[in-house]
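Observations on chain architecture
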Protein chains: 2
Amino acid sequence: MSEVKSSPPPAGGSTRARRKEDARARILAEARRIVLDQGFEALTMRRIAEAAGYSAAALYLHFENREAIARELGEAGMRALLDALAEAGKTVDPLQRLKALGLAYAAFGRAEPETYRLIFMEPGFAATALGGKDAAGAAAFALIGGVFQDLATAGRLRDGLDIESLALTFWIVLHGMVSLKLTCSAFLVASEEDLLATALDNLLHGALRPNREP
Amino acid sequence: MSEVKSSPPPAGGSTRARRKEDARARILAEARRIVLDQGFEALTMRRIAEAAGYSAAALYLHFENREAIARELGEAGMRALLDALAEAGKTVDPLQRLKALGLAYAAFGRAEPETYRLIFMEPGFAATALGGKDAAGAAAFALIGGVFQDLATAGRLRDGLDIESLALTFWIVLHGMVSLKLTCSAFLVASEEDLLATALDNLLHGALRPNREP
DNA sequence: GTCTATAATCCGATAGAC
DNA sequence: GTCTATCGGATTATAGAC
């Protein structure tokens, strides 16, 4: 009755609120472990509960349902991707930054394939997460956009190129590379480094000989 | 006893063999319908059986298990993709052919998103299908490789470019475009035509100004 | 060849005891 | 808060009658 039950626990709240937060965090951590180890389809309430040392019913005290857990995992994954890109994003030279961002993106996909799959290859998640208020996804994309903005400012881009379209194209290349590597690894034998180097080289300099107007 | 029971029915066999083949075909057709309408995860033996007018148990007389049906669907899907690319592959001019192939590929992804997902985005299928004896997948990729082979023969490529790598890069762009369109459509608002035009323009001519050696 | 019936599991989610 | 027990459903696959 006297307990204030407003939204999320007011940072550093009572012991009770802290315990509740700990339980939430432990559940999410085990859920993440399951996705990483066994894939998203293995994420069931029973499995999460067992891993976290709870009964399945207890999970519903901390999360509305299974989807809520999956959603939080996806959002955390998107933040993890942003973190993975942060260091590369500090590179001063735009072209080197572009390469560093590409390598970091590819490394993330290789290090956490199931997280990547959850974020970008699972139906229903990315569609809402990216378009909505998800700051992490937008910030990650902005890192790429910044490169082409800087290139444009430096006058290094051909005339008539749209920065947004260039950033999108670059992201498309990165995603195509990472996702094909996940599903068709047997066919895509080249390393991400080589694939990225080829893609970047062609995107930036073009595959055709310059001495002719097509 | 006297019935020869060797492997697949010897084309145009007995009435009995034909009937059996018809049943197989009907089951596969209904399975395809389910994937197209409700997605791959909705492909269950019960649903297939109901749609085909059989009991679930009867399916096991024609297919070893659910995975066998999914595998055949995937192989048929890969052949459908090859068919969808065939017309564009006849374009004489290599650059126009590249654009036509890209548009046809994107159109296939849009027309049969669930087939595309089954082939290239579902874990476990593409990995084996492309690397193995699947002629359709290899033939489809060869259509792309042929373009760059022709460009090389015509002396239109920059020096030092590897044809295989170029083809791979182009496929990566196409797959990145189609698959992101499927999962992040809310974020990827541009049309496939525009996306492809931008990607092709940059891949072929480069984003950087030509008048400087980086 | 096709059916009904069923085994053996798994799932998400809830009720109610403590 | 956490548990046990359970509901109501789903799944693949098989056994045995016809």
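Reading the values: rules and limits
- Numbers given for residues are sequential positions, taken from 1 along each chain in its written order.
- Chains carry letters from A onward and ligands carry numbers from 1 onward, assigned in written order.
- Reporting in this predicted model follows two pLDDT cut-offs: at least 70 for local features of residues, and 80 or more for side-chain atom pairs to be given and counted; totals over whole chains, interfaces and linings ignore these cut-offs and use all residues.
- Side-chain figures throughout are based on the complete set of non-hydrogen atoms in the structure, without hydrogens or water.
- One heavy atom within 4 Å of a molecule or strand makes the whole residue count as near it.
- By the criterion applied in these results, polar contacts are pairs of N or O atoms within 3.5 Å in which, for protein atoms, one can donate a hydrogen and the other can accept it, and in which residues neighboring in sequence qualify only through two side-chain atoms.
- The numbering of helices and of strands both runs from the N terminus, where a helix is a DSSP run of H or I of at least 4 residues and a strand a run of E of at least 2.
- Gly falls in the polar group here, along with every residue not listed as nonpolar (Ala, Val, Leu, Ile, Met, Phe, Trp, Tyr, Cys, Pro) or charged (Asp, Glu, Lys, Arg).
- Relative accessibility thresholds used throughout: buried, under 20% of the residue-type maximum; exposed, over 50%; partly exposed, between the two (1.4 Å probe, protein chains only).
- Geometry of aromatic contacts follows a simple scheme: Phe, Tyr and Trp rings, the Trp one being its six-membered ring, pair when their centres are within 6.5 Å, and the pair is stacked under 30 degrees between planes, edge-to-face over 60, tilted otherwise.
- UniProt positions are given in the numbering used here, feature names are shortened, and annotations may be inferred rather than shown by experiment.
- A least-squares superposition brings the copies together, and it is based on the C-alpha atoms of residues with pLDDT no lower than 70 in both.
- Any two residues having at least one pair of non-hydrogen atoms within 4.5 Å are treated as being in contact.
- When two components associate, each loses some accessible surface as probed by a 1.4 Å sphere; the sum of these losses over both components is called the buried area.
- By definition, a salt bridge exists where a carboxyl oxygen of Asp or Glu is found within 4 Å of a side-chain nitrogen of Lys or Arg.
- When two cysteine sulfur atoms are found within 2.5 Å, that pair is recorded as a disulfide.
- Domain limits in this description derive from either an automatic procedure or a database domain assignment.
- Relevant arc is that of directions from the helix axis to the C-beta atoms, nothing else.

Attention shifts here to the protein's contact with DNA strand D. Residues in close proximity to DNA strand D total 17 residues, the closest being Ser55(A), Leu61(A), His62(A), Arg46(B) and Tyr60(B). Within 4 Å of the protein, the contacting atoms of DNA strand D are drawn from sugar and phosphate to the extent of 51%. Between DNA strand D and Thr44(B) there is a distance of 3.4 Å, counted from a phosphate oxygen to a side-chain nitrogen or oxygen. Between DNA strand D and Met45(B) there is a distance of 3.2 Å, counted from a phosphate oxygen to a backbone nitrogen or oxygen. Looking at the surface near DNA strand D, the element that brings in the most residues is helix H3 (residues 56–62) of chain A, giving 4 residues. Among the residues making up the surface near DNA strand D, the classes are represented as 8 nonpolar, 5 polar and 4 charged.

A few words on helix H6 (residues 113–121) of chain B. With respect to burial, H6(B) is a largely interior element, 7 of its 9 residues being buried. For H6(B), every residue scored as buried is listed here: Thr115(B), Tyr116(B), Arg117(B), Leu118(B), Ile119(B), Phe120(B) and Met121(B).

This next bit is on the packing of aromatic side chains. All names here are of chain B. Following the criterion strictly, the structure yields 14 aromatic pairs over all chains and no others. Taken together, a centroid distance of 6.3 Å and an interplanar angle of 70° make the contact between Phe148 and Phe170 edge-to-face. Of this pair, Phe148 sits in helix H8 (residues 135–153) while Phe170 is found in helix H9 (residues 163–183), placing the two residues 22 residues apart along the sequence. Here Phe148 and Phe170 have matching classes, each one buried.

When the UniProt feature table is mapped to this numbering, "DNA-binding region" (unreviewed entry) covers residues 44–63 of chain A. Here residues 44–63 of chain A runs as 75% helix and 0% strand, with 13 Å between its end C-alpha atoms.

Our next topic: the relation of the copies chain B and chain A. Expressed as a screw operation, the relation of chain B to chain A combines 0.0 Å of axial shift with a rotation of 180°, fitting to an RMSD of 0.1 Å. Such a combination of rotation and displacement between the chain copies is what one expects of a two-fold axis. Residue by residue, 100% of the interface of chain B is reproduced at the interface of chain A, so both copies engage with the same surface.

Residues and elements named next belong to chain B. Relative to the helices and strands, Tyr60 resides in the loop between helix H3 (56–59) and helix H4 (66–89). When the C-alpha atoms of Tyr60 and Met45 are compared, they prove to be 9.2 Å apart, with 15 residues separating the residues in sequence. For Tyr60, the residues in contact, after removing those within four places along its chain, are Met45 and Asn65.

So, about the interface of chain B and chain A. Contacts between the two partners involve 48 residues from chain B and, on the opposite side, 48 residues from chain A. Interface area for chain B against chain A, summed over the two sides, is near 4,800 Å², with a carbon-plus-sulfur share of 66%. The largest per-residue losses of area from chain B upon contact with chain A belong to Arg158(B), Phe187(B) and Leu208(B), which jointly make up 15% of the total buried on that side. At the surface where chain B touches chain A, the tally comes to 4 salt bridges. In this structure, the salt-bridge partner of Arg209(A) is Asp159(B), at a minimum N-O distance of 3.6 Å.

Moving on, we get to the UniProt feature "domain: HTH tetR-type" (unreviewed entry) in chain A. The UniProt record annotates "domain: HTH tetR-type" (unreviewed entry) at residues 21–81 of chain A. For residues 21–81 of chain A, the end-to-end C-alpha separation is 24 Å, with 80% helix and 0% strand making up the annotated structure.

Scanning the entire structure with this criterion turns up 0 disulfides over all chains. Here Cys184(A) is not cross-linked by a disulfide; its sulfur's nearest cysteine counterpart is in Cys184(B), at 18 Å. Judged by relative accessible area, Cys184(A) falls into the buried class, the value being 1%.

In the vicinity of DNA strand C, 17 residues are found, and the nearest of them are Thr44(A), Arg46(A), Tyr60(A), Ser55(B) and Leu61(B). Measuring from a phosphate oxygen of DNA strand C, one finds a side-chain N or O atom of Arg47(A) at 3.2 Å. A distance of 3.0 Å separates a phosphate oxygen of DNA strand C from a polar atom in the side chain of Tyr60(A). A total of 3 residues in the surface near DNA strand C trace back to one element, the largest contributor, which is helix H2 (residues 45–52) of chain A. Classifying every residue of the surface near DNA strand C by side-chain character gives 8 nonpolar, 5 polar and 4 charged.

Residues and elements named next belong to chain A. According to the domain assignment, chain A contains domain 1 (15–63) and domain 2 (73–205). Each of domain 1 and domain 2 was reduced to a C-alpha centroid, and the two centroids are 30 Å apart. Taken together, the 8 residues of domain 1 in the interface contact 6 residues of domain 2. Across the domain 1/domain 2 interface, buried area totals approximately 620 Å², and carbon plus sulfur atoms make up 74% of it. Seen at the junction of domain 1 and domain 2, the total is 1 salt bridge. Between Arg32 and Glu112 there is a salt bridge whose closest N-O contact spans 3.2 Å.

Let us now look at the pattern of salt bridges. All names here are of chain A. One pass over the full model with this rule turns up 18 salt bridges over all chains. The partner of Glu192 in a salt bridge is Arg110, with the nearest N and O atoms 3.1 Å apart. With Glu192 in helix H10 (residues 192–205) and Arg110 in helix H5 (residues 94–111), this pair connects stretches of sequence that are 82 residues apart. By relative accessible area, Glu192 is classed as buried at 7%.

This part is about H2(A). All names here are of chain A. Every buried residue belonging to H2 is among Met45, Ile48, Ala49 and Ala52, and all of these are buried. For H2, the angular spread of buried residues about the axis comes to 100°, placing them on one side. Exposed and facing more than 90 degrees away from the buried side of H2 are Arg46 and Glu50. Buried residues along H2 sit in contact with helix H1 (15–38), H3 and helix H4 (66–89). Of the residues trailing H2, Gly53 is marked for its positive phi of about 80°.

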